[in-house]
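Architecture at a glance
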Amino acid sequence: MAPVFPLHRLPHVAFDKEQRVKAVINRERVSFTENLREYCLNTTIHGLKYIGTVSLTLCERAYFFLTFLVVTACSIYFISNVYIKWQSSPIIIGLNPIATHIRNIPFPAVTICNMNQMRREAAERIEQNTLEETVLQSICSIDGDFNDTQYEGKWSAVKRMLLSATQPCSALLKACRYAKQPERCSEIFQSIFTDEGLCCTFNTLDTVYMFRNATAPSIFPTEAGSSSGRFRPILWTPENGYAEDPSNASYPRFIAGPGVAMGLAMVLDANASDYFCSSTSSVGFKIIFHSPSETPKITDYAQYIPVGTENRIIITPKINDAADQIRKVAQAQRQCVFASEANLSYYSVYSRNNCELECEAKLILENCGCVLYYLPKLYEDTKICSRANARCYEQIRSSIAFTANTSISCSCLPGCFEISYVPDLTTAELQVGRFGIRETLLDNVKDEVYAKENLALVYIFVKDTYYRSFTKGELVGFTDFLSNVGGLLGLFLGFSIISLIEVIYFVTLRPYCAKRKQQRINRKEQNVEANHLTAARNELLWFGSKPSNTTAIQFLGRPTDADRYDAHDYHLQAGRNAMVKEFATKLKHLVHSRLQQANGWVRNTFRSRRTQLGRGFGQERTGTSYPFYD
């Protein structure tokens with residue numbers, strides 16, 4: 001039979017259940033102070049672990065706290081300098097490492113004007129005190145008495161006068177050749193209205209692609225053109241290039257190749273004997289090179305081609321483009337305009353020159369009530385300025401050109417994608433009839449005197465096959481800015497992305513998880529009583545009888561009636577809720593302590609019996625044998 005050791009109550013090991021639950025809840029709840037201290041001890045930011053270490057004195061922790069504040073202030077100062085640089089000068093201009101082939105560059109648009117703005121023959125036929133005389137005075141900038149005539153100021157009248165009284169392109173251009181192929185000048189040149197009157201232009205965009213409104217008055221007089229339809233117009237823009245592959249039968253023409261033979265050659269005739277009024281004090285031509293999508297300004301920016309000369313003009317394309325990353329930078333900072341940001345009303349393709357022409361027309365119309373004949377006009381009935389309005393519009397033009405004037409100005413930024421052509425002009429005296437020459441364009445010219453007084457031979461070409469563009473890019477991009485900020489934070493604080501994740505964790509995720517854990521504990525405590533009741537019943541049934549206050553040992557055989565009564569009474573008492581609640585929290589501790597006491601009692605009794613018999617461990621037994629203790 002196994003020995004049973006009676007259990008008795010130990011009042012000093014019992015404690016109240018409510019206090020235990022409160023202790024568990026308080027232990028699991030994470031306060032703000034504890035959370036901050038744990039963050040300081042575990043964060044990767046340098047110096048904070050010393051602030052959260054309790055073993056350090058208050059003076060030591062204050063020292064590290066002040067040091068941390070000073071270092072943080074220094075990092076903020078240097079980061080602010082990087083941010084100011086990023087915002088104030090985000091753009092840098094550099095050479096594009098990838099060169100552009102001349103096949104992808106259009107040949108420059110060439111606009112040529114005779115310095116004579118009105119033919120003498122046509123001017124002498126105009127009668128006095130008529131509308132034609134008023135238009136003549138306006139074109140030639142001649143002051144007169146405008147009260148004697150009724151100036152209608154209609155574009156149709158000015159247009160008709162310009163077409164009938166100025167030199168046509170067929171008379172200005174005697175012979176033409178492009179890329180070694182002789183061309184009819186009327187097929188590759190077309191008339192255009194400029195500030196120098198009626199001029200001739202080569203390789204410009206078609207009106208369908210240049211202007212937004214097809215019904216607006218065009219600067220290209222359609223009745224002056226005699227194109228046979230041999231060339232097909234295609235779209236070209238500085239930003240997107242050619243809309244389709246160009247060919248020899250399309251325009252704007254691409255640059256066919258380097259050298260004078262692959263360029264444009266032409267013979268110009270000034271017809272000096274027919275000069276009536278001119279914007280200059282000499283006889284000859286004005287020539288300007290511009291983008292095919294622009295309207296030129298001849299008076300201010302053109303070059304002179306004198307008569308009786310042979311001229312070679314080497315063109316150097318100047319290409320400006322931009323990286324796509326600078327689109328997010330404000331216009332005021334990048335100082336350029338993309339095509340998608342253009343807001344022109346007359347022109348379809350944005351350029352600074354087109355923007356300035358529209359701005360000038362708008363300001364003159366608002367202040368003078370009229371528009372100069374060569375400026376953009378949205379409506380056919382727009383009044384055209386005469387010499388009576390000269391004081392008004394000249395004052396507006398001077399105010400626009402004067403950069404110090406801020407009241408009337410045109411703030412037109414350059415396009416982010418633009419192309420311009422820089423000419424390099426060399427001139428020699430033209431000799432005709434004195435010796436044999438290879439130039440076939442002068443085969444029909446026999447009069448040496450007429451050639452010296454009226455003709456000019458011009459060659460326009462490029463000398464290189466590849467050209468590098470000037471690219472606007474980010475000086476300090478977001479990646480560079482982030483790298484600089486990360487380097488400064490790492491140098492001063494050891495801050496990284498992981499440090500930021502730690503801050504987010506201790507601010508948001510950790511308090512949330514602690515709250516969820518506390519809610520789970522509260523739900524578990526609601527079921528703890530039932531669990532304790534079951535455990536108490538199982539353990540009480542395992543150990544049997546009711547514990548008593550005695551420490552004596554019984555060797556049980558067949559249980560007596562008294563034992564059954566005591567056990568029955570004990571089970572009845574254990575069935576009560578109050579007793580179960582008491583024993584449920586201390587039963588395991590009591591059983592463990594009593595088992596240790598029983599084990600010690602057995603060892604002590606065994607040793608005492610062996611001592612009384614005079615035997616030690618390992619000795620041979622003599623005399624009477626005690627098999628129980630053996």
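Data block above holds the structure.
Residues numbered from 1 in each chain as written. Predicted model: local features only at pLDDT ≥ 70, side-chain atom pairs only at ≥ 80, totals over all residues. Heavy atoms only, no water.

Thoughts on the packing of aromatic side chains
Any two aromatic rings considered together are summarised by their centre-to-centre distance and by the angle between their planes. How we decide: Two rings belonging to Phe, Tyr or Trp (six-membered ring only in the last case) form a pair when the distance between their centres is within 6.5 Å. Interplanar angles under 30 degrees mark stacking, angles over 60 mark edge-to-face geometry, and anything in between is tilted. Secondary structure counts use DSSP, requiring at least four H or I residues in a row for a helix and at least two E residues in a row for a strand, with both numbered from the N terminus. Relative accessibility decides the category of a residue: with a 1.4 Å probe and only protein chains considered, values under 20% of the type maximum give buried, values over 50% give exposed, and everything between is partly exposed. The criterion is that NZ of a Lys, or CZ of an Arg, lies within 6 Å of the ring centre and within 35 degrees of the ring normal, and then a charge sits over that ring.
Under the definition given, this model contains 14 aromatic pairs. Here the aromatic rings of Tyr63 and Phe64 are separated by 5.3 Å at their centres, their planes lie at 70 degrees, and the arrangement is edge-to-face. With a centroid separation of 5.3 Å and 85 degrees between ring planes, the pair formed by Trp155 and Phe193 is classed as edge-to-face. Separated by 38 residues along the polypeptide, Trp155 in helix H7 (residues 155-165) and Phe193 in strand E7 (residues 189-194) bring together distant segments of the chain. Classification of Trp155 as buried rests on a relative accessible area of 2%. Three or more aromatic residues link up through ring pairs in this structure, and these residues are Phe107, Tyr178, Phe189 and Phe202. Sitting over the ring of Phe254, Arg103 keeps its end group 4.4 Å from the ring centre. One Lys or Arg, Arg327, reaches over the ring of Phe338 and ends 4.1 Å from the middle of that ring.

Notes on the nonpolar core
The condition is simple: In this description, a nonpolar core means a group of buried Ala, Val, Leu, Ile, Met, Phe, Trp, Tyr and Cys residues linked to one another through side-chain atoms lying within 4.5 Å. When checking whether two residues touch, look at their non-hydrogen atoms; a contact exists if any pair is within 4.5 Å.
Core analysis: the biggest nonpolar cluster contains 100 residues, and Val110, Phe189, Leu264, Met266, Ile287 and Ile460 have the highest contact counts within it. If you tally residues by element for this core, the top one is helix H13 (residues 352-368), at 7 residues. Setting aside its immediate chain neighbours within four residues, Leu264 contacts Phe107, Val110, Arg177, Tyr178, Ile188, Phe189, Phe202, Val458, Tyr459 and Ile460. In terms of nonpolar packing, the next biggest core, distinct from the first, is built from 15 residues, Ile51, Val82, Trp86 and Val485 among them.

Thoughts on the environment of Phe276
Tracing the sequence through the fold places Phe276 in strand E14 (residues 275-278). The exposure class of Phe276 is partly exposed, given its relative accessible area of 31%. Separated by 153 residues in sequence, Phe276 and Ala123 place their C-alpha atoms 7.4 Å apart. Phe276 has contacts with Asn116, Met118, Arg119, Arg120, Ala123, Leu136 and Cys140, leaving out every residue within four places of it along the chain.

Overview of the state of the cysteines
Here is the rule we go by: When two cysteine sulfur atoms lie within 2.5 Å, the pair is treated as a disulfide.
Counted by the stated rule, this structure contains 9 disulfides. Across a sulfur-sulfur distance of 2.0 Å, Cys336 and Cys416 are joined as a disulfide pair. Taking the sign of the S-S torsion, about 80 degrees here, the bridge from Cys336 to Cys416 comes out right-handed. Linking Cys336 in the loop between helix H12 (331-334) and H13 with Cys416 in the loop between helix H14 (390-401) and strand E18 (418-429), this pair joins segments that are 80 residues apart in sequence. Taken individually, Cys336 and Cys416 each receive the classification buried, so the pair is uniform in this respect.

None of this, on its own, says anything about what the molecule does.
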